[in-house]
Structure formats: structure tokens, C-alpha cells
Amino acid sequence: MSINRRTFFKAMGATAVALSVGKPVFASDASVNESEFYGILYDITKCVGCHGCEYDCADAHGFTEFDIPKDPPFRQTDEKHRTVVNEYETSKGKLPRKTQCMHCNQPACDAACLTQAMHKTAEGPVIWREDKCMGCRYCMISCPFDIPKFEYNSTNPEIVKCDMCAELLKEGEIPACAYNCPEEALLYGKRSDLIREARRRIHDNPDTYVDHIYGEHEAGGTSWLYLSPVPFNEVGFNTKIQTTSYPGLTKGFISSIAPVDILLPAVLLGIYEATKSTSKTEEEL
Amino acid sequence: MSTNSQPAVLLPNERNFFSFLISELKPKGKIFTPFNIISFPIMMIGLVIIFLRFKNGIGSVTNLTQDVPWGLWIGFDVVTGVAFAGGAYVLVFMVNILNLKKYKPILRITVLNGFLAYLFYSAALLLDLGRPLNVINVVIGNNFGVSSVLFLVGWHFLLYMLALLLEFSPAIAEWMNARKVHKILSGITMGAVIFGITLSVLHQSGIGALFLMAKDKIHPLWYNSYMPLLFVVSSIFAGISMVIFEGSISHKVFSDQLDESSHQSHKNIIVGLAKICTVGMFAYFTLLVLVFIHEKNWEYISTPMGSWFLVEIIGFVVLPMFLFFYGYRHHKITVIKVASIVTLLGIMLNRMNISIICYRWDAAERYIPSWQEFVVTLTIIFIEVWVLRWIVRRMPVLRQSPEWARNSH
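What follows deals with unusual backbone geometry. Although it is not a glycine, H103 of chain A sits at a positive phi angle of roughly 55°. With phi around 50°, K296 of chain B is a residue other than glycine that occupies positive phi space. Relative to the elements of secondary structure, K296 of chain B occurs in the loop between α11 (260-294) and α12 (304-330). The exposed category is assigned to K296 of chain B, whose relative accessible area is 63%.

This brings us to the domain arrangement of chain A. Segmentation of chain A into domains returns domain 1 (33-245) and domain 2 (250-276). Once you take the C-alpha centre of each, domain 1 of chain A and domain 2 of chain A turn out to be 43 Å apart.

Moving on, we come to the sheet that holds strand β1 (residues 38-43) of chain A. All names here are of chain A. The three strands lie next to each other as β8-β1-β9, forming an open sheet whose pairing is mixed. A single partner strand is all that each edge strand has here, and the edge strands are β8 (186-190) and β9 (224-227). On average, each strand axis in the sheet is tilted by 25° relative to the strand beside it, whichever way the strands run. Pairing of β1 with β9, which is carried by four bridges, proceeds in the parallel orientation. Bridged to D43 within β9 is L227. Helix α7 (residues 191-204) rests against β1, β8 and β9 of the sheet, and its axis sits at about 130° to β8.

Applying the stated criterion across every chain, the model contains 21 aromatic pairs over all chains. A centroid spacing of 6.1 Å and a plane angle of 15° characterise the contact between F292 of chain B and F309 of chain B, whose relative ring orientation is stacked. Within this pair, whereas F292 of chain B is found in helix α11, its partner F309 of chain B is found in helix α12, the two being separated by 17 residues in sequence. Here F292 of chain B falls in the buried class, since its relative accessible area comes to 11%. F309 of chain B gets classed as buried once you look at its relative accessible area, which sits at 9%. Looking at R97 of chain A, its charged tip hangs above the ring of F237 of chain A, at a distance of 3.9 Å from the centre.

This part covers the interface of chain A and chain B. Tallying the contact residues gives 56 residues for chain A and 61 residues for chain B. For the pair chain A and chain B, the summed buried surface comes to about 5000 Å²; carbon and sulfur atoms form 59% of the total. When the buried surface of chain A facing chain B is broken down by residue, I141, Y152 and F253 of chain A rank first, second and third, together holding 15% of it. Summed over the shared surface of chain A and chain B, the number is four salt bridges. The salt bridge involving R131 of chain B is made with E130 of chain A; its shortest N-O contact spans 3.6 Å. Where chain A meets chain B, there are 30 residue pairs in polar contact (both at pLDDT 80 or more).

Here is what the cut-offs are and how they apply
Residues numbered from 1 in each chain as written. Chains lettered and ligands numbered in written order. Predicted model: local features only at pLDDT ≥ 70, side-chain atom pairs only at ≥ 80, totals over all residues. Heavy atoms only, no water. Helix = DSSP H or I, 4+ residues; strand = E, 2+ residues; numbered from the N terminus. Buried < 20%, exposed > 50% of the residue type's maximum accessible area, 1.4 Å probe, protein only. Domains from an automatic or database assignment. Pairing = 2+ DSSP bridges. Axes fitted to C-alpha atoms, helices over the stretch in contact; angles between N-to-C directions. Contact = heavy atoms within 4.5 Å. Phe/Tyr/Trp six-rings, centres within 6.5 Å; stacked < 30°, edge-to-face > 60°. Lys NZ or Arg CZ within 6 Å of the ring centre and 35° of its normal. Buried area = accessible area lost by both parts, 1.4 Å probe. Salt bridge = Lys/Arg side-chain N within 4 Å of Asp/Glu carboxyl O. Polar contact = N/O pair within 3.5 Å; in protein donor to acceptor, adjacent residues only side chain to side chain.

Below is the structure:
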């Protein structure tokens with residue numbers, strides 16, 4: 001009897017441990033993956049705004065006719081420009097800032113895509129896959145950084161955005177912009193190493209940088225990380241952006257679908273049976 | 001083997017069916033009605049624009065921008081249209097689940113309307129897809145994006161169309177005089193009803209959930225985490241308002257299909273529907289107030305967007321709610337009809353606010369639909385009305401079912 005009970009408790013305990021451990025193990029798995037992502041650290045203090053990275057990017061992605069006007073106005077990325085550098089008037093004078101896909105750890109576009117055309121690869125880049133995309137543009141609706149662009153004037157349009165040169169990465173090379181940057185403002189590496197490096201720079205030069213790494217927590221963390229000498233809103237960043245991931249916003253809805261799909265028919269059937277029987281008795285009377 | 005040796009001739013009943021179909025394809029009723037004279041040229045222009053869209057790309061006929069990727073074709077045809085088609089699931093619930101026999105006379109026309117609406121709105125959706133052929137990826141399942149709200153909406157949409165077709169199918173069987181098929185189809189209607197309602201609740205709310213990730217892009221007065229709930233609640237009275245509005249038109253146009261008793265019962269039905277709308281709108285309004293307080297939105301009320309928000313809430317929710325209330329208390333059919341039109345405009349305003357007007361309201365380049373987008377939208381609505389009219393004139397939708405069909409259950 002007592003042995004039985006003991007075995008019972010043992011089994012219960014083992015199950016409880018398995019259940020409680022099971023989840024943290026999964027969670028730590030995910031975080032290990034995230035620290036394995038590669039990314040780029042962009043240091044605004046080192047950037048001189050030469051637009052060289054724009055030319056290198058166009059080169060790497062086959063845009064042959066590429067020209068940037070002298071004294072360019074404020075520009076946004078579009079279907080022909082995967083990255084742009086703009087100048088901002090700030091409290092420390094004119095400062096450049098490069099814009100491109102942030103390659104979120106948990107991208108909204110990836111969660112939004114119903115054909116898995118937008119895809120976060122294990123190495124870090126968020127890529128777009130031509131054979132899967134149906135051109136619904138839901139990724140454009142979802143992206144908090146407004147990055148995916150659409151070729152409206154094409155009969156077989158593509159979604160265009162920075163892919164962190166995923167093809168080059170496969171060959172063991174590094175993204176074109178980071179490879180060519182003359183001032184070493186762009187540093188390519190493992191995301192966890194980049195965060196450590198960014199912290200070191202802030203620590204060593206507390207007067208040069210604001211004490212914040214944009215992208216460490218924004219939108220749940222991004223593969224692109226920014227260091228700035230001025231508050232980030234002065235160089236055009238959305239500083240009100242949430243620090244949890246965007247796919248998390250739809251998680252509640254998506255997890256409620258299965259219960260509703262299963263429970264609601266049962267409830268409806270119950271009501272149907274209830275109203276049916278009363279009407280029959282009325283008819284019989 | 002023996003089937004191969006048989007000569008390829010139609011069986012007598014099949015030949016009858018084809019000649020029956022051909023005779024039914026001929027137009028019934030007058031050809032040069034004002035509606036036809038207006039709608040036909042618009043449809044022709046619309047078809048040309050659709051051709052140009054496939055020839056030169058979406059940008060050649062629309063004003064869509066990189067900031068606002070979903071325009072009139074999604075914001076009106078799909079997002080608003082699905083809410084308007086909500087009447088089908090609400091009435092099916094009332095008649096088939098709650099057993100409210102009073103509403104049975106308008107059930108078929110509502111289900112047919114819902115089915116056609118879904119059919120043509122999905123056609124509009126295909127026009128808006130940049131790479132429409134790849135839509136097959138969603139269906140055949142080599143690339144299931146199961147974490148995507150749009151994926152779930154799409155599948156619920158597709159299955160619901162099937163459910164609506166099954167719910168309507170007995171009428172098709174009655175039209176073709178197919179008695180055995182009618183019995184089978186009537187038998188499976190209940191399953192279609194239950195799953196149809198479930199699928200509706202989920203995709204109506206799913207359309208609201210589509211915009212959950214656009215948190216920083218939709219004005220805070222319209223964006224909130226309760227959008228799925230608000231969408232499903234508003235679809236109830238949006239759908240019923242459409243039933244009232246559409247019913248008042250079809251009762252004039254198709255009066256030859258109706259007998260005296262159904263004209264009388266229709267008045268009762270409208271009053272009953274107005275009551276449901278009042279309650280539904282009150283629930284919706286309460287929800288809106290709760291959300292407004294919960295999201296601490298007072299600071300926006302004094303801005304221009306705040307005034308626009310008040311226009312929507314007071315002019316197009318509170319006002320029609322009182323009109324519906326007054327209408328059903330005093331049995332004023334005209335007031336109810338006006339209320340239903342105001343409600344429909346309000347739903348249109350709400351859905352367009354979320355998907356277009358207050359979406360990236362801060363964008364440098366505002367999106368204003370091109371005339372081509374309007375014409376294509378009208379074209380889709382007109383084709384739908386033409387198909388609806390064709391079916392109503394032929395199948396027992398408004399008129400009574402044939403004797404044999406009524407006796408079978």
C-alpha cells in the first residue's frame with residue numbers, strides 16, 4: 001500500500017518536473033537561437049554620410065542605373081533602394097543615418113506571411129522568397145518599420161527589402177555595405193558579440209554616445225543595432241516602439257481560434273437541440 | 001471496359017438538363033431598365049480596367065503607395081464587404097439554431113446574398129494580389145503560414161463559402177427539380193449551418209485581428225487590442241442593416257415573386273430586426289466607451305482626428321441606434337430603413353478609417369483612390385447584382401418552394 005503510494009507520488013513528481021522543466025527548456029532553446037543570429041552594428045558617430053553603402057547595395061543586388069542626386073532631399077527606401085542614408089538636423093549638428101530592414105528577431109512580416117515567403121533564417125537575415133509570395137502586401141501592413149516595398153508597376157511584382165546579402169553570407173562572405181564601408185561604421189558579426197562591443201564603446205566613451213543600443217530590445221530585438229551620439233528620436237527613429245515582439249500582438253487571437261472552432265459548434269448544437277425539442281412539444285400539444 | 005465501348009451520347013435526362021439550362025440562361029424581364037442602362041457601361045469600363053491591371057501592373061490603375069499598401073479594393077470590397085455580408089450567419093443562427101420561424105421567409109435571399117458577396121469579394125481580392133497565381137500555395141498546403149492571421153482568415157473564408165453554398169443548395173435542387181439530391185442536401189444543411197456560424201465568428205473577428213500588428217500605423221483612437229471583438233459585434237448589426245436595406249429594394253424589384261402574406265410578414269420581420277440592431281449597437285457602443293476609457297484616449301479628442309472619431313461614434317453609431325429604437329417602438333418602417341442606411345454608412349466609415357483613412361494618417365503622401373479603383377469596385381457590385389437577379393428570377397429564393405420540397409420535411 002505504502003509502496004504503491006510512494007510509486008504514485010514518484011510518478012506524479014516526475015511528471016510535474018517534466019512538465020515544469022519542459023517549458024523553460026524550450027524557452028532557453030529559443031534564446032540560444034536568438035544569440036546565434038548574425039547582425040550589423042551601425043555606429044552613427046563613425047558614419048560620414050558618403051552614401052557609399054547605397055552604391056554597394058545597388059551593385060550587390062543588380063541595380064545598374066543608380067544615382068543619388070547631389071544634396072539629396074529626405075528619402076525613403078523603395079523598390080529600387082534597399083537602403084538609404086539621410087541627414088538629420090540634431091542637437092549635435094548634421095548627422096547621417098542609414099535606413100534598411102532591421103531584421104527583427106521575431107519579424108512581424110514573417111508572422112504575417114501566409115505563404116512563408118517572408119522568412120527569418122537561422123543565421124539572422126529575413127529573406128523574401130519569390131516562388132512562395134502571392135503579393136498580398138500583408139507584410140507591408142505589419143512591418144513596424146515600414147520596410148517591405150512593392151513593385152506596383154510590374155506584372156510580376158516583387159517585395160523588395162534588404163536581405164542582409166543572405167546569398168553572400170551563404171558563401172562565407174559578409175554583407176556588401178559592411179564589407180565596403182570606408183569608415184568602419186558598419187560592423188558585421190554575431191548579434192551577441194555586437195551587443196557586447198556596443199556596450200564597450202558606450203562604457204569607454206560615455207560622452208560620445210547616448211546610453212542606449214537601438215535594436216537591443218526594440219520590437220523584441222533586431223539584428224541591426226544602432227549607436228547614436230544624440231537621442232534616437234533626433235535621427236528619425238521611432239522611440240515609442242514597443243519592446244516586445246510584434247507577432248506577440250496576434251498570439252492571443254491565434255491561440256483562441258482552436259478553442260472557438262471546437263467549442264462553439266458544440267454550444268450551437270446544444271442550443272439547436274434545446275429549441276428543437278420545445279417546438280416539437282408545442283406542435284404535439 | 002464496357003463503358004468505353006458505349007457511344008458518347010447524352011442520356012435523355014441529361015439532354016433535358018442542358019436544354020433546360022440553355023432556356024434558363026435567356027434573360028427574363030425587361031432589358032432596358034434604368035439600372036441596366038447605368039450599370040452596363042460601367043461594367044464594360046470596369047472590365048477594361050481589370051484587363052489593364054493584369055497587362056501593366058497594379059500601379060497602372062491604382063493610387064496605392066508604399067505607405068498605404070491596401071486601398072479601396074481591400075478596405076471596401078473585402079474589409080467592409082465581409083461585415084455587410086454578416087447578415088447570413090446572424091439570420092442562419094436565428095432561424096436554424098434558435099428556431100425563430102418568423103424570419104424564415106428572408107433566410108434564403110440572405111444566404112444567397114452572403115454567398116455571392118463572398119464569391120465576388122474574393123474575386124476582388126485576387127485582383128489586388130500582385131502574384132495571384134501563387135494563391136494556390138495557401139490552398140494546397142506546401143507553404144502553410146499557420147502563424148499568420150491572414151492565413152486563418154483565408155481558410156475560414158474559403159470554408160465558409162462552401163458552407164453557404166451548401167446552405168443554399170436545396171434551392172438549386174428545387175430549381176432543377178432534383179428530388180433525390182434535394183433530400184441529401186437538406187440532410188447535410190444542419191452541419192453546414194453549425195460550421196458556417198463558427199467560421200463566421202472567427203473570420204469576422206479575424207479581419208479585425210489582421211490590423212493588430214499595425215500598432216504604430218493606425219491612429220490610437222481606432223487601434224486597440226479589442227479590434228477583433230469590435231469587428232465581430234459590429235458585423236451583427238452591419239449584416240442585419242444590409243438585410244433590411246437590401247430587403248426593401250428586392251421587395252419592390254421582385255414583387256412578382258411574392259404573395260400578399262409575405263408582404264405583410266415582411267413588416268413584422270423588419271421591426272424584429274430593428275430591435276436586434278438596437279441591442280447590438282448598444283453593446284457595441286458600450287464596448288467602444290470601455291475601450292476608449294481603457295486606452296486613456298482623452299488627449300486625442302481635441303485634435304482634428306478626435307472630431308472625426310466623434311463624427312463616427314455619435315453620427316453613425318449613437319444616432320442610428322436611437323433611430324432603430326424609435327422605429328421598432330413606433331413600428332415606423334421608414335425610420336428603420338433610414339437607420340439601416342446610416343448604419344451601413346457608419347460601418348463603411350469605421351472599416352475605411354481603420355484600413356485606409358486613419359492608417360498611416362501621418363504619411364507624407366496621402367492615398368486617395370483613383371477613379372479606376374472606384375469603377376472596378378462598382379463593377380464587382382454590379383456583376384454581383386446581375387447574378388443575384390438572375391438567380392432570384394429562376395430559383396425559389398423569395399417565392400415559396402415547390403410543393404414536393406415542402407412536404408419532404
